[in-house]
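Below are the chains, spelled out letter by letter.
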Amino acid sequence: QVQLVESGGGLVQAGGSLRLSCAVSGGTVSDYAMGWFRQATGKEREFVSGISSHVDAIIDPDFVKGRFTISRDNGQNAVVLQMNALQPEDTALYYCAAQSRRGLPSLEWSGYDYWGQGTQVSVSS
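In this report, we go over the structure that sits alongside the text. (Residues numbered from 1 in each chain as written. Predicted model: local features only at pLDDT ≥ 70, side-chain atom pairs only at ≥ 80, totals over all residues. Heavy atoms only, no water.)

1. Observations regarding the overall build of the protein
We count it as follows: Labels follow the DSSP assignment, with helices taken as runs of H or I lasting at least four residues and strands as runs of E lasting at least two, numbered in each case from the N terminus. All radius of gyration figures rest on C-alpha atoms, and the globule criterion is 2.2 Å times the number of residues raised to 0.38. Burial here depends on accessible area, computed with a 1.4 Å probe over protein chains only, as a share of the maximum for the residue type. Under 20% is buried, over 50% is exposed, and the range in between is partly exposed. With residues, only the protein chains shown are counted as cover, and all accessible areas are computed by Shrake-Rupley using a 1.4 Å probe. Here the positive residues are Lys and Arg and the negative ones are Asp and Glu; neither His nor the chain ends is included. By convention, the point assigned to a charge is CZ for Arg, NZ for Lys, CD for Glu and CG for Asp.
Check the secondary structure of the protein and you find 0 helices and 11 strands. Seen in sequence order, the protein has helices and strands lined up from the N terminus as β-β-β-β-β-β-β-β-β-β-β. Since a compact globule built from 125 residues should have a radius of gyration of about 14 Å, the 13 Å found for the protein is in line with a globular shape. Taking the principal axes of its C-alpha atoms as reference, the protein extends roughly 40 × 25 × 25 Å. The burial tally for the protein puts 44% of its 125 residues in the buried class. When the accessible area of the protein is evaluated, it comes to approximately 6200 Å², of which 46% is carbon and sulfur surface. A distance of 1 Å separates the average location of the 9 positive side-chain charges in the protein from that of its 12 negative side-chain charges.

2. Side note on the pattern of salt bridges
What counts here: For this document, the term salt bridge refers to a Lys or Arg side-chain nitrogen within 4 Å of an Asp or Glu carboxyl oxygen.
Summed over all chains, the structure comprises 4 salt bridges. For the salt bridge of R38 with E46, the shortest nitrogen-to-oxygen distance reads 2.6 Å. Residue classification places E46 among the partly exposed residues on the basis of a relative accessible area of 31%. In this structure, D56 engages R72 in a salt bridge whose closest nitrogen and oxygen atoms are separated by 3.1 Å. Here R72 lies in strand 7 (residues 68-73) and D56 lies in the loop between strand 5 (46-51) and strand 6 (58-59), a separation of 16 residues in the sequence. By relative accessible area, D56 is classed as partly exposed at 49%. Linked by salt bridges that have partners in common, R38, E46, R67 and D90 make up one network.

3. Re the state of the cysteines
Put simply, the test is: Criterion for a disulfide: a pair of cysteine sulfur atoms at a distance within 2.5 Å.
Across all of its chains, the model carries 1 disulfide by this definition. A sulfur-sulfur distance of 1.9 Å marks the disulfide that ties C22 to C96. On the S-S bond that ties C22 to C96, the torsion sits near 50 degrees, and the link is right-handed. Highlighted residues: C22 in strand 3 (residues 18-25) and C96 in strand 9 (residues 92-99), separated in sequence by 74 residues. For the pair shown, C22 and C96 are each scored as buried.

4. What to know about unusual backbone geometry
When glycine is set aside, most residues are seen to have a negative phi, and most peptide bonds are trans. At N77, a position not held by glycine, the phi torsion is positive, near 50 degrees. By secondary structure assignment, the location of N77 is in the loop between strand 7 and strand 8 (78-83). Judged by relative accessible area, which is 18%, N77 ranks as buried. Here the phi dihedral of A85 falls at roughly 50 degrees; this positive angle occurs in a residue that is not glycine. Considering the arrangement of structural elements, one finds A85 in the loop between strand 8 and strand 9.

5. Description of the nonpolar core
Inclusion rule: Among buried residues, those of type Ala, Val, Leu, Ile, Met, Phe, Trp, Tyr and Cys that are joined through side-chain atoms within 4.5 Å constitute a nonpolar core.
Membership of the largest hydrophobic core comes to 27 residues, with the highest contact counts inside it found for L4, M34, W36, F68, L81, M83 and Y94. Within the residue set of this core, elements represented by two or more residues are strand 3, strand 4 (33-39), strand 5, strand 7, strand 8, strand 9 and strand 11 (119-124).

Here you go:
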């Protein structure tokens, strides 16, 4: 059974950085397309970034381009989300997810097979 555990969240001032990590157990991270999602209080969950299985094709929505970078750490069997230039609107619970289907990561939460419990990111102004 694949399990995902996120870490690295916290409280940071606007303009600061955080590095989120999602540790994968019960499987090899490169075998899965991986995605990061977030959900702010009172808002719908949204796709933040994703990386394909086997080859590192990345999908980023416009609101994170130039600020957030997803990468895979095969040595740690983890996927990392480096977040720079954080803004108060980035405050949310951040989740990672793993997709068993090979290829590009789904933009939809329902396209994934495994999900972590989330890590809170709070950005103060």
